[in-house]
Amino acid sequence: MRKTTTFALLATAVVALGCGAGATDTASSSGSDGAAVKGEEKAAKTAKIGQPARDGKFEFTVKSSKCGVAKVGTSMLGEKAQGQFCLITINVKNIGKESQMFDGSSQKAYAADGTEYSADTGAAIYANQNAETFLNDINPGNQVTGVVVFDIPKKVKLTKLELHDSPFSGGVTVALS
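Residues numbered from 1 in each chain as written. Predicted model: local features only at pLDDT ≥ 70, side-chain atom pairs only at ≥ 80, totals over all residues. Heavy atoms only, no water.

Overview of the state of the cysteines
By definition, a disulfide links two cysteine residues through a covalent bond between their sulfur atoms.
Right, so step 1: Tallied over the full model, the rule gives 1 disulfide.
Right, so step 2: With its sulfur 2.0 Å from that of its partner, Cys67 forms a disulfide with Cys86. Because the sign of the S-S torsion sets the handedness, a value of about 115° for the bond joining Cys67 and Cys86 places this disulfide among the right-handed ones. Remark: Cys86 occurs in strand 4 (residues 78-94) and Cys67 occurs in strand 3 (residues 58-73); sequence separation between them is 19 residues. (Disulfide = S-S within 2.5 Å. Helix = DSSP H or I, 4+ residues; strand = E, 2+ residues; numbered from the N terminus.)

Okay, structure coming up:
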């Protein structure tokens, strides 16, 4: 009789824990689904040049976009574009409560057909010669302005940027035209 009672109690406990875990998972899933929907609604809003756009701890303001640049740097030190360089001047403000490093390689640019282009961090070193903008942490409340460089084919025109506060953030879209 004792073995049967012990087994019944253990079986009841396992079932109860299983039901409780399932309820907890469902509740947290629906909570994160709701947050994802809100995040998608925020990401769906597209900023324009000169308008602030937020992702995570950063508020980005694209100041200008200049394409058709063949070389960045000086005559002695520089980098030549495979196609053309697009120089995107961005102001980055830390709106968080901790320092955060801006990573140029986390930024993306897109053409009208949806082709994605990565930032050229090597060329960005030459484009940002006089500024320590993207190699230092940005403390809360501080802001820096610098240039993110994209090397794209000569006949391509960029239509939008996807800016990120970190490699794993959702990003925010900024229209270039």
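Some thoughts on the sheet that holds strand 11 (residues 172-175)
Right, so step 1: Across the sheet, 5 strands lie side by side as 1-11-10-6-7; this open sheet has mixed pairing. The open sheet has two edge strands with one neighbour each: strand 1 (46-48) and strand 7 (116-118). In this sheet, neighbouring strand axes are inclined to one another by 30° on average, regardless of whether the strands run parallel or antiparallel.
Right, so step 2: In terms of strand pairing, strand 6 (residues 108-111) meets strand 10 (residues 158-163) through 4 bridges, oriented antiparallel. Its bridge partner being in strand 10, Ala109 is matched across the sheet by Leu161. (Pairing = 2+ DSSP bridges. Axes fitted to C-alpha atoms, helices over the stretch in contact; angles between N-to-C directions.)

Topic: the sheet that holds strand 3
Right, so step 1: An order of 2-3-4-9 is seen for the 4 strands of this open sheet, with the pairing classed as antiparallel. Single-partner strands in this sheet number two, and they are strand 2 (52-55) and strand 9 (143-152). When the angles between neighbouring strand axes are averaged without regard to direction, this sheet yields 40°.
Right, so step 2: Looking at chain direction, strand 2 and strand 3 are connected through 4 bridges and run antiparallel. The partner of Arg54 across the bridge, within strand 3, is Glu59.

Some words on the nonpolar core
Right, so step 1: Ranked by size, the top nonpolar core spans 24 residues in total, and within it Phe60, Val62, Ile90, Phe150, Leu158, Leu161 and Leu163 carry the most contacts.
Right, so step 2: Among the secondary structure elements, those contributing two or more residues to this core are strand 3, strand 4, strand 6, strand 9, strand 10 and strand 11.
Right, so step 3: The element best represented in this core is strand 4, accounting for 4 residues.
Right, so step 4: Excluding residues that lie within four positions of it along the chain, Val62 makes contacts with Ile49, Gly50, Ile88, Thr89, Ile90, Leu161, Leu163, Val174 and Leu176.
Right, so step 5: Formed by 9 residues, the second largest nonpolar core is a distinct cluster that contains Leu87, Ala123, Val147 and Val149. (Core = buried A, V, L, I, M, F, W, Y, C linked by side-chain atoms within 4.5 Å. Buried < 20%, exposed > 50% of the residue type's maximum accessible area, 1.4 Å probe, protein only. Contact = heavy atoms within 4.5 Å.)

So, the packing of aromatic side chains
Right, so step 1: This structure, assessed with the given rule, holds 3 aromatic pairs.
Right, so step 2: Taking the centre distance of 5.9 Å and the plane angle of 75° together, the rings of Phe58 and Phe60 count as edge-to-face.
Right, so step 3: Owing to a relative accessible area of 0%, Phe60 belongs among the buried residues under this scheme.
Right, so step 4: Residues Phe58 and Phe102 carry aromatic rings whose centres are separated by 6.2 Å and whose planes lie at 55° to one another, so their mutual orientation is tilted. Placement of the pair is Phe58 in strand 3 and Phe102 in the loop between strand 5 (100-101) and strand 6, with a sequence separation of 44 residues.
Right, so step 5: In this structure Phe58 comes out as buried when scored by relative accessible area, which is 0%.
Right, so step 6: For Phe102, a relative accessible area of 1% gives the class buried.
Right, so step 7: Over the face of the ring belonging to Tyr110 we find Lys160, whose NZ or CZ atom lies 5.2 Å from the ring centre. (Phe/Tyr/Trp six-rings, centres within 6.5 Å; stacked < 30°, edge-to-face > 60°. Lys NZ or Arg CZ within 6 Å of the ring centre and 35° of its normal.)

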